[in-house]
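Observations on chain architecture
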Amino acid sequence: MRNEKHHKGWNEIKTNDSWAIFKIMGEFVNGFEKMSKIGPCVSVFGSARTKEDGKYYQLAVRVSKKIAEAGYGVITGGGPGIMEAGNRGAHLAGGTSVGLNIDLPFEQHDNPYIDNDKSLDFDYFFVRKVMFVKYSQGFVVMPGGFGTLDELFEAITLIQTNKIGKFPIILVGSDFWSGLFDWVKNTMLSFGNISAEDLDLIKIVDTEDEVVEIIDAFYKGHTLSPNF
């Protein structure tokens, strides 16, 4: 017998939404309690589809290892691909390795390089995104898809609108990011939709040494602390 999808009425939706508040609160409380204890960290973003033998997987391992050796922890989305590479690099360096996992119908599963006491699971994307933004001292963005772009542009927007303080946003892989950055400069800027100084928020690099140099240089003049 075919199962019919149940379509909720407005009253049922209202009731479910009211109870969902407590689940959302629970995710925030659990996230704040655990993340507030981890110390200064840098978030590494990128595609879950990147294979282990791919050049950007290997580069992400080196980048994250270098970040951990410089004294920062590494936060990723906790899944496979670039996320796994990020946690792997931190693990190899003996550094803090944090995974903020999300329940998805595909692509997402925990990777084995997250510290046992630093793996958090989320049902709500927006709660997870708050944790990334609040507890990251920098965003390192490897090649990725829509989710990666979402994290990147949200961080830029929050800094641009002064909702959070500035922190380094580093795009790794000029062959991947240059086209997008050219469009931002030649189209968004020329249409007057952004200011020239907004472009100063973003750096494009190709090596792990450049990543750490930018982060270290920034924090010679800024305090390491949660962003709000």
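Residues numbered from 1 in each chain as written. Predicted model: local features only at pLDDT ≥ 70, side-chain atom pairs only at ≥ 80, totals over all residues. Heavy atoms only, no water.

Turning our attention to unusual backbone geometry. Even without glycine at this site, N162 takes up a positive phi of about 60°. Note on placement: N162 falls in the loop between α5 (146–160) and β6 (169–172). According to the relative accessible area criterion, N162 is exposed, its value standing at 68%. (Helix = DSSP H or I, 4+ residues; strand = E, 2+ residues; numbered from the N terminus. Buried < 20%, exposed > 50% of the residue type's maximum accessible area, 1.4 Å probe, protein only.)

Using the criterion set out here, one finds 11 salt bridges in the structure. Of the charged contacts, one joins D150 and K129 as a salt bridge, the two residues approaching to 2.9 Å between their closest N and O atoms. Of this pair, D150 sits in helix α5 while K129 sits in helix α4 (residues 125–135), and the two are 21 residues apart along the sequence. The exposure class of K129 is buried, given its relative accessible area of 13%. As a salt-bridge pair, D182 and K185 come within 3.9 Å of each other at their nearest N and O atoms. Of the two residues, D182 and K185 both sit in helix α6 (residues 174–188), 3 residues apart, roughly one turn of that helix. Relative accessible area serves as the criterion here: at 35%, D182 is assigned to the partly exposed category. Here the residues in one salt-bridge network are D115, D117 and K118, joined through shared partners. (Salt bridge = Lys/Arg side-chain N within 4 Å of Asp/Glu carboxyl O.)

Function-wise, these values are silent; they only describe arrangement.
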